[in-house]
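# Examination of the molecular architecture
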Amino acid sequence: MALQDIFKFRELPEQETSKPFLEHLEDLRWMVVKIAITLIVAMLGCFAFRTVLVRVMQAPLHDLDPQVGALKALGITDSLVISFHLAFYAGIVISFPLLLFFLAGFVLPALTEVEKRFLLPAILGSFGLFLFGVAIGYYWILPKTILFFFRDTQSLGWAPTWTVQQYYSFVTKFILGFGLAFELPVVVLALVYFGLITYKFMARTRPYAVVLIFILAAIIAPTPDLLTLFAMASPMALLYEGCIWIAWLMERRESRTSA
């Protein structure tokens, strides 16, 4: 397949093919403005509930050991800086559907009627997968990971005294990393829907995809240890395997429809 054929997999309407370049820049500017306003409003709303966010984020520590739950604040401005960081990340989670909607409105302005009907379900499904990944990371993987590092620190004869900055940096990156990792099916199925990849291609290149998944997990993982790497890469590999079978069902249904 030639490179120009990849970018011609969709036939654009006349108004999109003749749209001036400056108008595209204007659309980009307004998309950035809307995303920025949405994030600021969501962040300010989450900042008002920062005490609730702190209790939620430290819950895995209290369940592990009450003494470890008392984190050490070494910086004078840690209370405000970390509160803003928590509010920012929580704002991303809350406003995620709107952010996807704004991005879709800019990247895919020439949607066909069929694609427009699937846009809202795709956004809701993407948000659902994101929340599912966040929930899996927070309720299942994160406590086990913290417990592992807690016991490993004790096995070396050290007292596990963690700082506020280190803990929240680790937890927020860990949870958001899982949320983003569960977006893999959306990306893969979109590529299948537009005909850029097929079931046979995905099945044939499965070993290479697993390697790329581990590389991606190493990039988004909050720490370079093998436990966190495998904890993040394993669900992504299972999701990719599920995408292969979903792609097979999509191609089979399409062949039946065309027949």
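Residues numbered from 1 in each chain as written. Predicted model: local features only at pLDDT ≥ 70, side-chain atom pairs only at ≥ 80, totals over all residues. Heavy atoms only, no water.

## Some points on the side chain of Glu183
Summarising the element assignment, Glu183 is placed in the loop between α8 (164–181) and α9 (184–193). In contact with Glu183, not counting residues within four places along its chain, are Phe96, Ser126, Leu129 and Phe130. (Helix = DSSP H or I, 4+ residues; strand = E, 2+ residues; numbered from the N terminus. Contact = heavy atoms within 4.5 Å.)

## Looking at the layout of surface pockets
Taken as a whole, the second largest pocket spans an internal volume of roughly 440 Å³. Forming the boundary of the second largest pocket are 17 residues, of which Leu53, Met57, Ala90, Val93 and Val134 lie nearest the centre. Elements represented by at least two residues in the lining of the second largest pocket include exactly α4 (50–64), α5 (78–94), α7 (113–155) and α8. When its residues are assigned to classes, the lining of the second largest pocket shows 16 nonpolar, 1 polar and no charged. (1 Å grid on protein atoms, 1.4 Å probe; cavity = no way out; pocket = protein on both sides within 12 Å on 5 of 7 lines; lining within 4 Å. Points joined across faces, edges and corners; volume = space filled by probe spheres on them. Nonpolar A, V, L, I, M, F, W, Y, C, P; charged D, E, K, R; others polar.)

## As for the packing of helix α11 (residues 206–220) against helix α12 (residues 226–258)
Close contact between α11 and α12 brings their axes to 9 Å; oriented N to C, the two are set at 140°. On the basis of their axis angle, the class for α11 and α12 is oblique. Remark: the crossing between α11 and α12 carries right-handed chirality. Contacts between α11 and α12 involve Arg206, Ala209, Ile213, Phe214, Leu216, Ala217, Ala218 and Ile220 from the former and Leu229, Phe230, Met232, Ala233, Met236, Ala237, Tyr240, Glu241 and Ile244 from the latter. (Axes fitted to C-alpha atoms, helices over the stretch in contact; angles between N-to-C directions. Parallel < 35°, antiparallel > 145°, perpendicular 65-115°, else oblique. Left-handed = near helix turned anticlockwise from the far one by under 90°.)

## Focus on the packing of aromatic side chains
Under the definition given, this model contains 15 aromatic pairs. For the ring pair Tyr138 and Tyr139, a centre distance of 4.8 Å and an interplane angle of 90° mean the geometry is edge-to-face. On the accessibility criterion, Tyr139 (64% relative accessible area) is exposed. Linked through ring pairs, Phe148, Phe149, Phe170, Phe174 and Phe178 together constitute an aromatic cluster. Against the face of Trp30 rests Arg29, its NZ or CZ located 5.0 Å from the ring centre. (Phe/Tyr/Trp six-rings, centres within 6.5 Å; stacked < 30°, edge-to-face > 60°. Buried < 20%, exposed > 50% of the residue type's maximum accessible area, 1.4 Å probe, protein only. Lys NZ or Arg CZ within 6 Å of the ring centre and 35° of its normal.)

## Some remarks on the nonpolar core
Membership of the largest hydrophobic core comes to 47 residues, with the highest contact counts inside it found for Leu142, Tyr168, Val188, Met202 and Tyr240. Mapped by element, the contributors of at least two residues to this core are α4, α5, α7, α8, α9, α11 and α12. In this view, Met202 contacts Val188, Val192, Ile197, Tyr240, Cys243, Ile244 and Ala247; residues no more than four positions away in its chain are not counted. Grouped together as the second largest cluster of nonpolar side chains are 6 residues, Ile35, Ile92, Leu99 and Phe102 included. (Core = buried A, V, L, I, M, F, W, Y, C linked by side-chain atoms within 4.5 Å.)

## A few points about the environment of Val171
Looking at where Val171 falls in the secondary structure, it is placed in helix α8. In this structure, the C-alpha to C-alpha distance between Val171 and Tyr138, residues 33 residues apart in sequence, is 8.5 Å. With residues up to four places along the chain from it excluded, the contact list for Val171 reads Met57 and Leu142.

## Focus: α11
With 15 residues, α11 extends 21 Å from end C-alpha to end C-alpha; this agrees with the ideal 21 Å at 1.5 Å per step. Listing the buried residues of α11 in full gives Ala209, Ile213 and Ala217. Burial along α11 is one-sided: seen end-on, the buried residues are contained in an arc of 80°. Facing away from the buried side of α11 by more than 90 degrees, the exposed set consists of Pro207, Tyr208, Leu212 and Ile219. Taken together, the buried residues of α11 touch α9 and α12. (Expected span 1.5 Å × (residues − 1). Arc of directions from axis to C-beta.)

## Thoughts on the packing of α9 against α12
Remark: α9 packs on α12, axes separated minimally by 9 Å, with the N-to-C direction vectors making an angle of 25°. Regarding the angle of α9 to α12, the classification is roughly parallel. The two elements α9 and α12 cross, and the hand of that crossing is right-handed. Across the interface between the two elements, Leu184, Pro185, Val188, Leu189, Val192 and Tyr193 of α9 pack against Met236, Leu239, Tyr240, Cys243, Ile246, Ala247 and Met250 of α12.

## Quick word on the confidence of the model for the protein
Looking at the protein as a whole, its pLDDT mean stands at 81, while 85% of the residues score no less than 70. By mean pLDDT, the top-scoring element of the protein is α5 (91), and the lowest-scoring one is helix α1 (residues 3–6) (43). In this model, residues 1–10 is a region of pLDDT below 50 whose contacts with residues beyond four sequence positions or in other chains number 9 contacts. (pLDDT = per-residue confidence, 0-100.)

## Overview of the pattern of salt bridges
As a working rule, side chains carrying opposite charge can pair if their charged atoms are close by. Here the structure, examined in full by the defined rule, presents 1 salt bridge. Across the pair Arg206 and Glu241 runs a salt bridge whose closest N-O atoms are separated by 2.8 Å. Of the two residues, Arg206 is situated in helix α11 and Glu241 in helix α12; the sequence distance between them amounts to 35 residues. On the basis of relative accessible area, Arg206 is assigned to the partly exposed category, the value being 28%. Classification of Glu241 by relative accessible area gives partly exposed; the value is 26%. (Salt bridge = Lys/Arg side-chain N within 4 Å of Asp/Glu carboxyl O.)

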